[in-house]
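Overview (structure and organization)
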Amino acid sequence: MNSEKGHLIGKVVEGSIAEEMNIEPGDRLLKINDQDIGDIFDFQYLVQDEHLDVLILKSDGEEWLLDIDKEFDEDLGIEFDNGLMDDYRSCSNKCIFCFIDQMPKGMRDTLYFKDDDSRLSFLQGNYVTLTNMSDKDIDRILKYHLSPINVSFQTTNPELRCKMLGNRFAGEALKKVDRLCAPGTGIELNGQIVLCKGVNDGKELERSIRDLAGYIPNLQSVSVVPVGLSKYRDGLYPLEPFNKEDAEQVIDLIESWQKKVYAEHGIHFIHASDEWYFLAGRDFPKAETYDGYIQYENGVGMMRLLIDEFDEALEVIKNEHATHLLSVKRNISIATGRLVYPCIKAMADKAMELCEGLKVNVYEIVNEFFGKRITVSGLLTGQDIIKQLKEKELGSTLYLPENLLRSGEDYFLDDLTVSDVEKELSVDIGISKCDGHELAALLFDIPALETY
């Protein structure tokens, strides 16, 4: 519970039960059915009932007890100022691969906060190590049937996990998975392994895959991602970057296990992130290998889906927008990270082959801010974009991927804004989702592209 009385309501959804009951932003929720509410888990559990007695503290200090009848699972339409309705739990580990420890000084405070909160795993898809979870937390997850829970495993070797997480309880924490995956719980989990060269790869990775496969069907998927290494690693554990041969070995091991698991369970289960295929110089697997892109947010299958969507969109444009193509006269540009540059360049070339009046300048941005080993687009900064595109031909619009920006805002990691970059480069900036349909529509200036 917050230090102030109740939980501050930040928004009331239009047309909702809360609006009908004259609940307003600035009011505070005190109790439901005479029960205190510790956090969002308690709230979501309690509001499922068909009859609710909701105690509200109005902004003028008056208390209202509202008698509400509704459908089971029907939402009240309340959004809280603090989405978790409680303090965030910070990470107690000292992981050898932690990227936050590799950040330069002087950035905004929120970038240095290490969360390890199981509630954020359920609400936002964050990965947790289980070291911060008590038996009471497990009891609540089972009671409220909260899933999926995303777990950052790294390894199933208890001693090695203690070393990697810098926490002597990290190996013991793995036993919590046994409770979550016990028969009849119905709790779904997804896993992640951050692979560190010479630490948890090779035989240790194979051990982890074998052990984790034993948790199927509760554990639905596990992604393997390479550790990110910035240039700010002074005094940290000595880690080396993976090379092409390493990536080939990781892919071969994962794909061999995919065949075994698929034959027994009908899912591919263990997935290599896109970075491995870029590093190995191999084609991405077919779409069906990704099991519905279950690990998409972890960088698994993003490029396969983007390429397939883009190719599909080009066919629609060629067949249904032929007249529009004849009228297109555009000179535009795209900036992206080193990792995906070859794919984006190939997609732009396809678009220009389809339309003579279209010129797309694709630029690869090297991450000088964090170091050249960081090649993903999502960690590019405004200052690197400005510096590297200052004298380039940009045309009428520069398109950037939306993962460069803070969610719902127009700030880059270095706190420069989109308008700052526009001003410095003297060009309009467009933001593109990681969606092949939308990218194609943007390139050809088609307002709405129906692909289905």
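Residues numbered from 1 in each chain as written. Predicted model: local features only at pLDDT ≥ 70, side-chain atom pairs only at ≥ 80, totals over all residues. Heavy atoms only, no water.

**Considerations on the side chain of R304**
- Take R304: it is sitting in helix α10 (residues 302-320).
- Here F284 takes part through its backbone oxygen, which lies 3.1 Å from a polar atom of the side chain of R304.
- Among all residues touching R304, those that are not within four sequence positions of it are F284, P285, K286, A287, Y290 and Y293. (Helix = DSSP H or I, 4+ residues; strand = E, 2+ residues; numbered from the N terminus. Polar contact = N/O pair within 3.5 Å; in protein donor to acceptor, adjacent residues only side chain to side chain. Contact = heavy atoms within 4.5 Å.)

**Examining the pairing of strand β5 (residues 63-69)**
- Sheet topology note: the strand β4 (residues 51-57)/β5 ladder contains seven bridges and is antiparallel. Each residue of the ladder has a partner; that of I56, found in β5, is W64.
- Hairpin geometry of β4 and β5 is characterised by an intervening segment of five residues between the two adjacent antiparallel strands and by a positive phi of about 95 degrees at G61. (Pairing = 2+ DSSP bridges.)

**Observations concerning the nonpolar core**
- By size, the foremost hydrophobic cluster in this structure holds 112 residues, and its most contacted members are F97, L443 and F444.
- Contact partners of F97, with chain neighbours within four places excluded, come to Q102, Q154, M164, L165, V194, C196, V227 and L239. (Core = buried A, V, L, I, M, F, W, Y, C linked by side-chain atoms within 4.5 Å. Buried < 20%, exposed > 50% of the residue type's maximum accessible area, 1.4 Å probe, protein only.)

**What to know about the pattern of salt bridges**
- On inspection of all chains with the given rule, the structure shows 20 salt bridges.
- Residue K58 is joined to E24 by a salt bridge in which the shortest nitrogen-to-oxygen separation is 3.3 Å. Residue K58 is found in the loop between β4 and β5, and its partner E24 is found in the loop between α1 (17-20) and β2 (28-32); the two are separated by 34 residues along the sequence.
- Residue K350 pairs with D311 through a salt bridge whose shortest N-O separation is 2.9 Å. Taken as a pair, K350 in helix α12 (residues 341-354) and D311 in helix α10 lie far apart in primary sequence, 39 residues in all. (Salt bridge = Lys/Arg side-chain N within 4 Å of Asp/Glu carboxyl O.)

**Examining the environment of L52**
- Assignment of secondary structure puts L52 in strand β4.
- Separated by 248 residues in sequence, L52 and V300 place their C-alpha atoms 42 Å apart.

**Observations regarding α10**
- In this model α10 runs 27 Å from its N-terminal to its C-terminal C-alpha over 19 residues, within 8% of the 27 Å that 1.5 Å per residue would give.
- Each element contacted by the buried residues of α10 is listed here: α9 (274-280), α11 (322-327), α12 and α15 (436-444). (Expected span 1.5 Å × (residues − 1).)

**Quick notes on a negative patch on the surface**
- Residues E14, E19, E20, D49, E50, D53, D67, D69, E71, E74, D75 and E79 make up a contiguous surface patch of negative charge.
- At the level of elements, α1 and β5 are the ones that each hand at least two residues to the negative patch.
- With respect to the helices, strands and loops of the structure, E14 is situated in the loop between β1 (7-12) and α1. (Patch = residues over 30% accessible without salt bridge, like charges linked within 9 Å, V, L, I, M, F, W, Y side chains within 5 Å. Areas by Shrake-Rupley, 256 points an atom, 1.4 Å probe, with all protein chains shown as cover. Lys, Arg positive; Asp, Glu negative; His and termini not counted. Charge placed at Lys NZ, Arg CZ, Asp CG, Glu CD.)

**A closer look at the sheet that holds strand β7 (residues 127-128)**
- Within the open sheet, the five strands sit side by side as β7-β8-β9-β10-β11. Their pairing is parallel. Whereas interior strands pair on both sides, the edge strands pair on one side only; in this sheet they are β7 and β11 (270-272).
- The pairing of strand β10 (residues 219-226) with β11 spans three bridges and is parallel. Bridge assignment links S223 to a residue of β11, and that residue is H271.

**Regarding helix α7 (residues 203-213)**
- Where α7 is concerned, the buried positions are L205, S208, I209, L212 and A213. Projected down its long axis, α7 shows its buried positions confined to an angular sector of 125 degrees, all on one face. (Arc of directions from axis to C-beta.)

**Digging into the packing of aromatic side chains**
- Inspection of the entire model under this criterion finds six aromatic pairs.
- Through a chain of ring-to-ring contacts, the aromatic side chains of Y277, F278 and F284 assemble into a single cluster.
- The residue whose ring lies beneath K58 is W64, and the NZ or CZ to ring-centre distance is 4.3 Å.
- The cationic tip of K260 hangs over the ring face of W257; the distance from NZ or CZ to the ring centre is 4.4 Å. (Phe/Tyr/Trp six-rings, centres within 6.5 Å; stacked < 30°, edge-to-face > 60°. Lys NZ or Arg CZ within 6 Å of the ring centre and 35° of its normal.)

**Let's talk about unusual backbone geometry**
- Cis geometry is adopted by the peptide bond preceding P148, which originates at S147 and carries an omega value of 5 degrees.
- Assignment of secondary structure puts P148 in the loop between α4 (135-144) and β8 (149-152).
- In this chain, I216 is followed by P217 through a cis amide linkage whose omega measures 15 degrees.
- At Y293, a position not held by glycine, the phi torsion is positive, near 55 degrees.
- With respect to the secondary-structure elements, Y293 resides in the loop between α9 and α10.
- The phi dihedral of D445 falls on the positive side, at around 60 degrees, and the residue is not glycine.
- Its place among the elements puts D445 in the segment after α15.

**With respect to the sheet that holds strand β15 (residues 428-432)**
- Pairing is parallel in the open sheet, where four strands are placed in the order β13-β12-β14-β15. The strands lining the two open edges of the sheet, one partner per strand, are β13 (358-365) and β15. Within this sheet the neighbouring strands show an average axis-to-axis angle of 25 degrees, counted without direction.
- Two strands pair when backbone bridges link them, and strand β14 (residues 397-401) and β15 are joined in this way by five bridges, in the parallel orientation. Pairing of L400 across the sheet is with I431, part of β15.
- Here α12 sits on the sheet and contacts β12 (330-337) and β13; the angle it forms with β13, its principal contact strand, is near 175 degrees. (Axes fitted to C-alpha atoms, helices over the stretch in contact; angles between N-to-C directions.)

Just geometry here; none of it tells us what the structure is for.
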